[in-house]
Amino acid sequence: MLVRSESLLVQTESVKTAAKSHLNIGDSPCTNENILHLRVVVWPYPLIKDVGYIIKGELACSALWGSLRPTLSLEHFDKKWTSREGVWLFGIKLMDDISVNGYISEGIMVTLSPFVFRRFETDMYSKNFSAVVGNSKHDRHYFNIGPDAPLLDRHDSVPLRFRVFRACSLHYDLCVAGGGYFTGIFSEHWSIQMLLVTVSLLSGLMIYIIIMNRAELNSSLSARFVKALKNEALSLVYQPIGNDSNLLIVFYVQIMPDDLVIQLHRF
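Counting of residues starts from 1 at the beginning of each chain's written sequence and follows it residue by residue. With the structure being a predicted model, the display of local features is reserved for residues of pLDDT at least 70 and the display and counting of side-chain atom pairs for 80 or more, all residues being used for whole-chain, interface and lining totals. By convention in this description, side-chain values take in all heavy atoms of the structure and omit both hydrogens and water.

Here we come to the overall build of the protein chain. Secondary structure assignment for the protein chain yields six helices and 14 strands. Working definition: with a 1.4 Å probe on protein chains only, accessible area under 20% of the residue-type maximum means buried, over 50% means exposed, and in between means partly exposed. Each of the 267 residues in the protein chain was classed as buried or not, and the buried ones make up 34%. The contact rule is simple, with two residues in contact once any of their heavy atoms fall within 4.5 Å. If you take every contact in the protein chain between residues at least 6 apart in sequence, the share linking residues at least 24 apart comes to 42%. Only the protein chains shown count as covering a residue, and every accessible area follows the Shrake-Rupley method with a 1.4 Å probe. A total accessible area of about 17,700 Å² is found for the protein chain, and carbon and sulfur atoms account for 59% of it. By definition, any uninterrupted DSSP run of H or I lasting at least four residues is a helix, any uninterrupted run of E lasting at least two residues is a strand, and each is numbered from the N terminus.

Next comes the structure, spelled out in structure tokens:
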């Protein structure tokens, strides 16, 4: 969502610059030639809905509407934020049933597409996700998405199960705070829960079998003997027992530290 917000700012500034660069604006910018130029300017930018010229504080013409008679007032809006480059107006009521968000700078108004964050709106329900797009000081909120967006304003006191994630742009005074309630696997369908439980049990059983087989191999006589050889833990004790006619020789081989004794008899 932060990447989308940064792209929106880049496209807004690009459209404004291209619209301003036309040489035939003059005092009467709403000529057919200039309107055609605006349509060419706005066409490549998917996040921009419209661009137009402002005369005496009102929208006089645009790529979408053409030349407007009478001009549309920009005095009725929900929010206004002023930056060094221009003014952001949110919820501009152009007509009774049409409200737009726009950026005004140097006599140019760039209208944002109403579908800028549409791809994230489905996450409100499918992923229980909410977000707020604002500045780094968190005192300006440009866009809100999701039913839990007000919780993102409470930076220090949020419910325990509500997880908050924040990211800020390296190039703009722009930050995105997103979050949602952590529900875990218990909110999934019962079939998915049963599948996860079955996989967990089978995995645990396989791990147990592997551990027991490894322990059995490590405790075998041959394994202990090889281990003693590698660790130089063998000690040889020689004690002949017998008489002249029948000589019994006993070898004691002790493998430390298991106190294993192997007796070799020779007659």
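Moving on from the coordinates now.
The next thing to look at is the pattern of salt bridges. Take a side-chain nitrogen of Lys or Arg and a carboxyl oxygen of Asp or Glu: if they are within 4 Å of each other, that pair is a salt bridge. Under the definition given, this model contains three salt bridges. Ionic pairing is found between Lys16 and Glu106, a salt bridge with its closest N-O pair at 3.0 Å. Taken together, the residues Lys16 in helix α1 (residues 2–20) and Glu106 in the loop between β6 (98–105) and β7 (108–112) connect sequence positions 90 residues apart. Among the residues examined, Lys16 registers a relative accessible area of 6% and is labelled buried.

This next bit is on the state of the cysteines. To count as a disulfide, a pair of cysteine sulfur atoms needs to be within 2.5 Å. According to the stated counting rule, one finds two disulfides in the structure shown. Here Cys30 engages in a disulfide with Cys61; their sulfurs sit 2.1 Å apart. On the sign convention where negative is left-handed, the bridge of Cys30 and Cys61, at about -85° about the S-S bond, is left-handed. With a gap of 31 residues between them, Cys30 in the loop between α1 and α2 (32–42) and Cys61 in strand β2 (residues 58–62) connect regions that are remote in the sequence. Each member of the pair, Cys30 together with Cys61, is buried. A sulfur-sulfur distance of 1.9 Å marks the disulfide that ties Cys168 to Cys175. Of note, the bridge from Cys168 to Cys175 carries an S-S torsion of about 105° and is right-handed in sense.

Within the open sheet, the four strands sit side by side as β9-β8-β11-β10. Their pairing is antiparallel. In the strand order of this sheet, the two ends are held by β9 (141–145) and β10 (162–168), each with one partner. Taking the axes of each pair of neighbouring strands and ignoring which way they run, one obtains an average angle of 15° across the sheet. Pairing geometry for strand β8 (residues 130–134) and strand β11 (residues 175–181), over five bridges, is antiparallel. Note that in β11 the partner of Ser130 across the bridge is Gly179. By definition, two strands form a pair when at least two bridges between them are found by DSSP. The axes used here are C-alpha line fits, helices contributing only the stretch in contact, and every angle between their N-to-C directions lies in the interval 0 to 180 degrees.

Arg69 connects to Pro70 through a cis peptide bond whose omega is 0°. Relative to the helices and strands, Pro70 is located in strand β3 (residues 66–73). Positioned with a positive phi, Glu106 is a non-glycine residue whose angle comes to about 55°.

Aromatic rings from Phe, Tyr and Trp, taking only the six-membered ring of Trp, are treated as a pair when their centres fall within 6.5 Å; an angle between ring planes under 30 degrees marks them as stacked, one over 60 as edge-to-face, and anything in between as tilted. Taken as a whole and assessed by the stated rule, the structure comprises four aromatic pairs. Ring geometry for Trp88 against Phe90: centres 6.3 Å apart, planes inclined by 10°, an arrangement best described as stacked. Comparing Trp88 with Phe90, the two get one shared label, buried. When the centroid spacing of 5.7 Å and the interplanar angle of 90° are considered together, the rings of Phe90 and Phe143 count as edge-to-face. Residue Phe90 is located in strand β5 (residues 87–95), and its partner Phe143 is located in strand β9; the two are separated by 53 residues in the primary sequence. These aromatic residues form a ring-pair network of at least three members: Trp88, Phe90, Tyr103, Tyr142 and Phe143. To sit over a ring, a charge needs its Lys NZ or Arg CZ within 6 Å of the ring centre and within 35 degrees of the ring normal. One cation-aromatic arrangement involves Lys79 over Phe90; the distance from NZ or CZ to the ring centre is 5.4 Å.

Moving on: the UniProt feature "transmembrane region" (unreviewed entry) in the protein chain. UniProt positions are given in the numbering used here, feature names are shortened, and annotations may be inferred rather than shown by experiment. When the UniProt feature table is mapped to this numbering, "transmembrane region" (unreviewed entry) covers residues 190–211. The distance separating the terminal C-alpha atoms of residues 190–211 is 32 Å; by composition the span is 100% helix and 0% strand.

Right, let's talk about the packing of α1 against α2 for a bit. The N-to-C vectors of α1 and α2 enclose an angle of 155°; their axes lie 10 Å apart at closest approach. Our classification of the angle between α1 and α2 gives roughly antiparallel. Relative to α2, the crossing made by α1 is right-handed. Where α1 abuts α2, its residues Val15, Ala18 and Ala19 lie against His37, Leu38 and Val41. Among the residues making up the contact of α1 with α2, the classes are represented as five nonpolar, one polar and no charged. Should an angle fall under 35 degrees it is called roughly parallel, over 145 degrees roughly antiparallel, and 65 to 115 degrees roughly perpendicular, with every other angle called oblique. A crossing counts as left-handed when the near helix is turned anticlockwise from the far one by less than a right angle, and as right-handed when that turn is clockwise. Lys, Arg, Asp and Glu make up the charged group, whereas Ala, Val, Leu, Ile, Met, Phe, Trp, Tyr, Cys and Pro make up the nonpolar group; the residues left over, Gly among them, are polar.

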